[in-house]
Number of protein chains: 2
Amino acid sequence: MKTELVIGVVGGMGPYAGIDLVRKILDETQAGSDQEHLPLILFSLPSKVPDRTPFVLGASVDNPAPALAEIILQLERNGASVIGMPCNTAHAPIILDAVRSILREKASGVRLIHMIQETGVFLQRHYPEVRTVGLLATTGTVRSGIYQESLSALGIRVLVPPDAEQEEVVHRAIYDPQYGIKARSSPVTEQARQFLLDALHHLVERGAEAILLGCTEIPLAIHETRIGQSAVIDPSRILARALIEATYPERLKS
Amino acid sequence: MKTELVIGVVGGMGPYAGIDLVRKILDETQAGSDQEHLPLILFSLPSKVPDRTPFVLGASVDNPAPALAEIILQLERNGASVIGMPCNTAHAPIILDAVRSILREKASGVRLIHMIQETGVFLQRHYPEVRTVGLLATTGTVRSGIYQESLSALGIRVLVPPDAEQEEVVHRAIYDPQYGIKARSSPVTEQARQFLLDALHHLVERGAEAILLGCTEIPLAIHETRIGQSAVIDPSRILARALIEATYPERLKS
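Residues numbered from 1 in each chain as written. Chains lettered and ligands numbered in written order. Predicted model: local features only at pLDDT ≥ 70, side-chain atom pairs only at ≥ 80, totals over all residues. Heavy atoms only, no water.

Caption draft 1: Local environment of the relation of the copies chain B and chain A. By a simple turn and slide, chain B fits onto chain A: the slide is 0.0 Å along the axis, the RMSD is 0.0 Å, and the turn is 180 degrees. Classification of the inter-copy transformation places it as that of a two-fold axis. The rotation axis passes nearest to the C-alpha of L42(B) in chain B, at a distance of 2.5 Å. Taken as a fraction of all interface residues of chain B, those also at the interface in chain A reach 100%, which identifies the copy contact as same-surface. (Least-squares fit on C-alpha atoms with pLDDT ≥ 70 in both. Contact = heavy atoms within 4.5 Å.)

Rendered as structure tokens:
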């Protein structure tokens, strides 16, 4: 494990989103045998990582950053040099800046791939004509403004659901203890899926030319690649491809 | 990570079978939030682990045991105390005995859950009336006799496909570079699935009262839980449940 590049995945946010990213890394790798797949390590230690959303919304003072930094450093000690965090809300500056500051203090040499910035790069490269995207995400991600900020720099406007729909439909599809994806992922409930589809259609009706599935739980429920004329874009798959590109670009599927 | 039990998974054999086991651990855990899922670490380092089948068949002198032991020790250094290896062929004594001997030399304290023995325990507990099981597995697993030996001690006879069908149908469904599961897992090809279904039906026709999916790639293609009157049993799910039972038994779904 000394001489080869290893991908590190900070899982557990949620646990299914962690293995969903790993599956996408495998799916996007050209490999004809077990041995041709890329080396990777997944740490799924969910009880160590406080929920990101309440912290971003100010409902909790428990910043997940120290736990995330500790897991990244542990991945690094095991040889991982390129790291992915399959959780959009964890990319909010109030969390990610603190993670980066701890990594700097500890003189970490890892490269942390930024899922949201990679999504911007992807949009510019593959959808240069798109000027308005719809964002389906946790309320934490929506309020943190990470997608809005990152994409407005590229001249792309971000539409989000109206507050009531964000709270009562999108957020509950992810967090509701009865039917939400975090409580019931395998399979996802029909209610969670229908809530997300409704919100997705509303964004398209309001003019979204593409939709971002801006919470890594959402692709567990939504497999559509288009809604009407609008492409459905999965940042988790973009992260998977960016992790391959940063380590073994010659193995990336075209 | 000091005080809690952590599950370690030796993945990469193949890589999809590794995350399939992790998914089954999540599926079999009672959890209403991210934080209630169990701590686990997956090492998927496929290029480090020589293929198990050629070694068991004598076509290679490259024993995967040292690499497997090294990965287990690395999992242990990261806090994992209970280990699962989602690869049936890796449980052949010529591999597993060597793994155990290295772990003893290194004074390892991990508990390695034995997927094949757990399958025997499961059959006794849930299918006490079954006297004949059919085995669908790699030629390495079939020839190693691990299931035959483990189950004959319980008075259970193991039927395997005739040599030609084992080689040309079952083994190729797993290993063929064009359509085999190891080359194309997501999705599995229709050909691989049909080959396995055919072999499965033949085992049932010959009197198998239950079928063991004795290669961790096979559940990627076969989701049936019964063929005719015969139960289809997935040792990979049994391993997932055994890993939970060995760490957080109160969280195991009933």
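Caption draft 2: Geometry of the packing of helix α1 (residues 15-27) of chain A against helix α1 (residues 15-27) of chain B. Where α1(A) contacts α1(B), the two axes come as close as 10 Å, and the packing angle between them is 165 degrees. When the axis of α1(A) is compared with that of α1(B), the two are roughly antiparallel. Crossing hand, α1(A) versus α1(B): left-handed. Contacts between α1(A) and α1(B) involve P15(A), Y16(A), I19(A), V22(A), R23(A), L26(A) and D27(A) on the former and, on the latter, P15(B), Y16(B), I19(B), V22(B), R23(B), L26(B) and D27(B). Looking at the contact of α1(A) with α1(B), its residues break down into ten nonpolar, no polar and four charged. (Axes fitted to C-alpha atoms, helices over the stretch in contact; angles between N-to-C directions. Helix = DSSP H or I, 4+ residues; strand = E, 2+ residues; numbered from the N terminus. Parallel < 35°, antiparallel > 145°, perpendicular 65-115°, else oblique. Left-handed = near helix turned anticlockwise from the far one by under 90°. Nonpolar A, V, L, I, M, F, W, Y, C, P; charged D, E, K, R; others polar.)

Caption draft 3: Here's a closer look at the interface of chain B and chain A. Counting residues at the interface gives 40 residues for chain B, matched by 40 residues for chain A. Counting the contacts that link chain B with chain A gives four salt bridges. Among the salt bridges present, the one from D34(A) reaches K182(B), with a minimum N-O distance of 2.8 Å. Summed over the shared surface of chain B and chain A, the number is 18 residue pairs in polar contact (both at pLDDT 80 or more). Residue assignment for the side of chain B that touches chain A shows that the elements contributing at least two residues are α1, β2 (40-44) and α3 (65-77) of chain B. (Salt bridge = Lys/Arg side-chain N within 4 Å of Asp/Glu carboxyl O. Polar contact = N/O pair within 3.5 Å; in protein donor to acceptor, adjacent residues only side chain to side chain.)

Caption draft 4: Up close: the sheet that holds strand β7 (residues 210-213) of chain B. Residues and elements named next belong to chain B. With respect to topology, five strands assemble into an open sheet ordered β6-β5-β7-β9-β8, the strand pairing being mixed. Either end of the sheet is taken by a strand with one partner, and the two such strands are β6 (157-159) and β8 (226-227). Where β7 lies against strand β9 (residues 230-233), three bridges are found, and the strand directions are parallel. By the bridge assignment, I211 is partnered in β9 with V232. (Pairing = 2+ DSSP bridges.)

Caption draft 5: Focus on the nonpolar core. In this structure, I25(A), V133(A), L196(A), I25(B), V133(B), L136(B) and L196(B) are the most contacted members of the largest nonpolar core, which totals 127 residues. Top contributing element to this core by residue count: helix α9 (residues 190-205) of chain B, with seven residues. Sequence-distant contacts of I25(A), defined by excluding residues within four places in its chain, comprise I7(A), V9(A), L40(A), A240(A), L243(A) and I244(A). Counting residues in each nonpolar core, the second largest holds 60 residues, with F43(B), L75(B), I83(B) and C87(B) among its members. (Core = buried A, V, L, I, M, F, W, Y, C linked by side-chain atoms within 4.5 Å. Buried < 20%, exposed > 50% of the residue type's maximum accessible area, 1.4 Å probe, protein only.)

Caption draft 6: Spotlight on the pattern of salt bridges. For the structure on display, the rule yields 26 salt bridges over all chains. Between R23(B) and D20(B) there is a salt bridge, with the nearest N and O atoms lying 3.2 Å from each other. Placement of both R23(B) and D20(B) in helix α1 is noted, with a separation of three residues, approximately one turn of the helix. We classify R23(B) as partly exposed; its relative accessible area is 29%. Judged by its relative accessible area of 7%, D20(B) falls in the buried class. In this structure, E168(B) and R172(B) form a salt bridge, with 3.0 Å as the shortest nitrogen-oxygen distance. Separated by four residues within a single helix, E168(B) and R172(B) lie in helix α8 (residues 163-175), roughly one turn from each other. A relative accessible area of 34% means that R172(B) is categorised as partly exposed. Ionic contacts of the salt-bridge type, sharing partners, join the residues D20(A), R23(A), K24(A), D27(A) and D234(A) into one network.

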